Amino acid sequence: MNAHAPLGPFDANCGVEIRQERGQRAVFCGLTGIVWLHRKIQDAFFLVVGSRTCAHLIQSAAGVMIFAEPRFATAIIDERDLAGIADMNDELDRVVGRLIERRPEIRLLFLVGSCPSEVIKLDLSRAAQRLSRELSPDVRVLSYSGSGIETTFTQGEDACLASLVPTMPKAAADAEPELLVVGALADVVEDQFARIFAEMGIDRVRFLPARKAGEMPSVGSNTRMLLAQPFLADTARALEERGARRIAAPFPLGAEGTTAWLKAAADAFGVEAPRFEAATAPGLRRAEQALSPYRAMLGGRRVFFFPDSQLEIPLARFLSREMGMDLVEVGTPYLHRSHLADELAWLPPGTRIVEGQSLDEQMDRCRAASPDLTVCGLGLANPLEAEGLATKWSIELLFTPIQGYDQAGDLAELFARPLVRRTRLEV
Ligand code: SF4
């Protein structure tokens, strides 16, 4: 245990205080990522190999949406499997065979590992290779782990995208430079960014994941990757191993973050300043207008982040710099120092960042600080609301399109909503 080990300032330039905590955690597991990923890759299917608990989690997490035919399911590991009476691989082959027969439109099947499949050491990567050979060329089968053992919920997306990287075609050595935007974005956001890049003159732009399994982008030494999400450590590493180079940037949240993110790409592709300004000025103006009414509601209010989504640092930067909020504590499950370097440099000096979690101590600090707004997971929100604290579910920030100029107002509104609701109740 290393609870409250003070690490001191991380970077003399940014002057934030980073501490690490190790203890009890309260976060969703990586299975949750399926809820937004299955909407993104339209001909993929996610088969969780897990318990009834996993099936229940994924169904209730997705229960906020209505599906004609969901693109995920759970193959339940039951007592016979656990007792070794049934051969798990035979069972899995049978389930996959039935699934593909019933859903011939599936082109990409993810076998998603869970705590139970890890505990019984079911080798899903070998199962995926075997099934891929059998079902090729119509269906490709990949595997990744969404287990809650040592992972938080956005790491499910990281693991899923990292599993795709070895399947991406190799770009020719002399291929033109190409921009690869990495991280699942809502289609509407992706289209907005594609338009802005085109207006800047960057027309070779691809997105990972692609909307169709057969359209995954190629990768090679011509690839310049721009991360759209701050939780993609494994995916970025896998892409770098295939020759891609990362463009250092903050994340496209808020007017300022979006401009800096686009500017990093523009600089990497040699876009002239006037062309960049012409391409971004209308969006920037719209974002500024949309944000303006929320400054009065959020400015001067105190916000406390529990570690949950790994979006906490960019969100804290947005709330502090653009909305004028005071940061009481910014918890994050994991802090990727280099991917977040630009974000850390933008936080006010002295910001308290806590990496990892020791739940009871953090709850005590939160109660003692009595912030105006607490951003946390679903499991903590109800008890904190019952104690009189206004909360925002961090998972909503993954389900809602929040990146880019035209979503900046929606992003601010997500934080203003609990405060407005509370004011109405008090009235
Ligand atoms: Fe629970 Fe683990 Fe299944 Fe997630 S993967 S629902 S943490 S049992």
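Residues numbered from 1 in each chain as written. Predicted model: local features only at pLDDT ≥ 70, side-chain atom pairs only at ≥ 80, totals over all residues. Heavy atoms only, no water.

## Regarding the overall build of the chain
Logical step 1: Regarding its fold elements, the chain presents 17 helices and 15 strands.
Logical step 2: Projected onto the principal axes, the alpha-carbon positions of the chain cover approximately 60 × 55 × 40 Å.
Logical step 3: The burial tally for the chain puts 54% of its 427 residues in the buried class.
Logical step 4: Counting every atom, the chain has about 18000 Å² of accessible surface; 50% of that belongs to carbon and sulfur.
Logical step 5: Treating the 47 positive side-chain charges of the chain as one cloud and the 57 negative ones as another, the clouds have centres 2 Å apart. (Helix = DSSP H or I, 4+ residues; strand = E, 2+ residues; numbered from the N terminus. Buried < 20%, exposed > 50% of the residue type's maximum accessible area, 1.4 Å probe, protein only. Areas by Shrake-Rupley, 256 points an atom, 1.4 Å probe, with all protein chains shown as cover. Lys, Arg positive; Asp, Glu negative; His and termini not counted. Charge placed at Lys NZ, Arg CZ, Asp CG, Glu CD.)

## Here we look at the site of the ligand
Logical step 1: Near the ligand you find Cys-29, Leu-31, Cys-54, Ser-114, Cys-115, Pro-116, Ser-147 and Gly-148, and these make up its full shell.
Logical step 2: Tallied by class, residues from the shell around the ligand come to five nonpolar, three polar and no charged. (Near = heavy atom within 4 Å. Nonpolar A, V, L, I, M, F, W, Y, C, P; charged D, E, K, R; others polar.)

## Considering the sheet that holds strand 4 (residues 72-76)
Logical step 1: Ordered in space as 4-3-5-6, the four strands form an open sheet in which the pairing is parallel. The sheet is open, and its two borders are formed by strand 4 and strand 6 (140-145), each paired with just one other strand. For this sheet, the mean angle separating the axes of adjacent strands, direction not counted, is 25 degrees.
Logical step 2: Pairing analysis gives five bridges linking strand 3 (residues 44-50) to strand 4, with the strands arranged parallel. The residue of strand 4 that forms the bridge with Phe-46 is Phe-72.
Logical step 3: Running over the sheet, helix 6 (residues 124-135) touches strand 3, strand 5 (108-113) and strand 6 and is turned about 170 degrees from strand 6. (Pairing = 2+ DSSP bridges. Axes fitted to C-alpha atoms, helices over the stretch in contact; angles between N-to-C directions. Contact = heavy atoms within 4.5 Å.)

## Description of the pairing of strand 13 (residues 352-357)
Logical step 1: Among the six residues that make up strand 13, five are buried, leaving the element largely enclosed by the rest of the structure.
Logical step 2: With six bridges connecting them, strand 2 (residues 17-22) and strand 13 associate as parallel partners. Bridge assignment links Ile-18 to a residue of strand 13, and that residue is Ile-353.
Logical step 3: Bridging between strand 12 (residues 326-332) and strand 13 involves three bridges; their strand directions are parallel. Paired with Val-330 across the bridge in strand 13 is Ile-353.
Logical step 4: Viewed along the sheet, the connection from strand 12 through helix 13 (residues 341-346) into strand 13 turns out right-handed. (Right-handed = clockwise from strand over helix to strand, strands pointing away.)

## Quick look at the packing of helix 10 (residues 254-268) against helix 11 (residues 273-298)
Logical step 1: Between helix 10 and helix 11, the shortest axis-to-axis distance is 9 Å and the interhelical angle comes to 165 degrees. By the angle class used here, helix 10 and helix 11 are roughly antiparallel. Between helix 10 and helix 11 lies a crossing whose hand is right-handed. Residue-level contacts link Ala-255, Thr-259, Leu-262, Lys-263 and Ala-266 of helix 10 to Phe-276, Thr-280, Leu-284, Ala-287, Glu-288 and Leu-291 of helix 11.
Logical step 2: Considered class by class, the residues forming the contact of helix 10 with helix 11 number seven nonpolar, two polar and two charged. (Parallel < 35°, antiparallel > 145°, perpendicular 65-115°, else oblique. Left-handed = near helix turned anticlockwise from the far one by under 90°.)

## Examining the sheet that holds strand 9 (residues 223-227)
Logical step 1: One open sheet accounts for four strands, arranged 8-7-9-10; its pairing is parallel. The sheet is open, and its two borders are formed by strand 8 (205-208) and strand 10 (245-246), each paired with just one other strand.
Logical step 2: Helix 8 (residues 187-200) contacts strand 7 (178-182), strand 8 and strand 9 of the sheet and is inclined by roughly 155 degrees relative to strand 8.

## Let's talk about the UniProt feature "binding site: [4Fe-4S] cluster" (unreviewed entry) in the chain
Logical step 1: The feature "binding site: [4Fe-4S] cluster" (unreviewed entry), as given by UniProt, occupies Cys-29, Cys-54 and Cys-115 in the numbering adopted here. Taken along the chain, the residues just named run across 87 residues; in space they keep tight, none of their C-alpha pairs more than 9.5 Å apart.
Logical step 2: Along the chain, the position of Cys-29 falls in the loop between strand 2 and helix 1 (34-40).
Logical step 3: Relative accessible area serves as the criterion here: at 17%, Cys-29 is assigned to the buried category.
Logical step 4: When residues no more than four places from it in sequence are discounted, the contact partners of Cys-29 are Leu-57, Gly-146, Ser-147, Gly-148, Thr-151, Thr-152 and Phe-153.
Logical step 5: Locating Cys-115 in the fold gives a position in helix 5 (residues 115-119). (UniProt positions renumbered as here; feature names shortened; annotations may be inferred.)

## What about the side chain of Arg-224?
Logical step 1: Following the sequence through the fold, Arg-224 ends up in strand 9.
Logical step 2: Although buried, Arg-224 forms no salt bridge, and the nearest oppositely charged side chain, Glu-240, lies 9.3 Å from it.
Logical step 3: Apart from the residues lying within four places of it in its own chain, the contact partners of Arg-224 are Glu-178, Leu-179, Leu-180, Arg-245, Arg-246, Ile-247, Ala-268 and Phe-269. (Salt bridge = Lys/Arg side-chain N within 4 Å of Asp/Glu carboxyl O.)

## Remarks on the packing of helix 8 against helix 11
Logical step 1: At a minimum axis distance of 8 Å, the contact between helix 8 and helix 11 shows a crossing angle of 150 degrees. Judged by the inter-axis angle, helix 8 sits roughly antiparallel to helix 11. Once helix 8 is placed against helix 11, the crossing between them reads as right-handed. The segment helix 8 lies against helix 11, with Ile-196, Ala-198, Glu-199 and Met-200 engaging Arg-275, Phe-276, Ala-279 and Thr-280.
Logical step 2: In terms of residue class, the contact of helix 8 with helix 11 is made up of five nonpolar, one polar and two charged.

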